[in-house]
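Structural overview for review
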Amino acid sequence: SLSLYDISRAPGIAANMSHVATAGEVNGYILEKLGNALQGTKIIVIAAGIPQKPNIARVDLFNTNVPIVQDLAQAVGKDAPEAYILITSNPVNSTVLIVTEVLKKASKFNPAKVW
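Quick look at the structure, then. (Residues numbered from 1 in each chain as written. Predicted model: local features only at pLDDT ≥ 70, side-chain atom pairs only at ≥ 80, totals over all residues. Heavy atoms only, no water.)

**Some points on the pairing of strand S4 (residues 84–87)**
Of the two faces of S4, the one lined by Ile85 and Ile87 is fully buried and the one lined by Tyr84 and Leu86 carries no buried residue. Pairing of strand S3 (residues 43–46) with S4, which is carried by 4 bridges, proceeds in the parallel orientation. Bridge pairing in S4 links Ile43 to Tyr84. In terms of handedness, the path from S3 via helix H3 (residues 58–79) over to S4 forms a crossover that is right-handed. (Buried < 20%, exposed > 50% of the residue type's maximum accessible area, 1.4 Å probe, protein only. Helix = DSSP H or I, 4+ residues; strand = E, 2+ residues; numbered from the N terminus. Pairing = 2+ DSSP bridges. Right-handed = clockwise from strand over helix to strand, strands pointing away.)

**Structural notes on the pattern of salt bridges**
Under the defined criterion, the tally for this structure stands at 2 salt bridges. Lys113 is paired through a salt bridge with Glu82; the nearest N and O atoms lie 3.6 Å apart. One end of the pair, Lys113, is in the segment after helix H4 (92–105); the other, Glu82, is in the loop between H3 and S4, and 31 residues separate them in sequence. On the basis of relative accessibility, which here comes to 15%, the residue Lys113 falls in the buried class. For Glu82, a relative accessible area of 60% corresponds to the exposed category. (Salt bridge = Lys/Arg side-chain N within 4 Å of Asp/Glu carboxyl O.)

**Observations regarding the environment of Ile85**
Assignment of secondary structure puts Ile85 in strand S4. A relative accessible area of 3% means that Ile85 is categorised as buried. Along the chain, Ile85 and Lys42 lie 43 residues apart, while their C-alpha atoms are 8.6 Å from each other. If we ignore the near neighbours within four places in the chain, the residues touching Ile85 are Ile44, Ile46, Val76, Val99, Leu103, Lys113, Val114 and Trp115. (Contact = heavy atoms within 4.5 Å.)

Here you go:
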């Protein structure tokens, strides 16, 4: 099964993906349902925030994406502490550290499960 979470568009994306001819189940979750999206999850991909663009300063990218990733990491520590986590949010060198520190603070960090 595939759980998609986004602050606004996940239900629509999930509806589109559910038309793919597979036996898999696709569910989309909105902001208030992050805990539901994480329940039973084995692999989490955090691709949150804005992408790096030529006109965006690195500090602006950091200030926009880090709070989002931090909130997601807190939810993962609470609702899916055994899941593998792949972080692709920029700046990756900072967001991976943020996830690591959040999980350490929650006593849920496993270095073999954070990529």
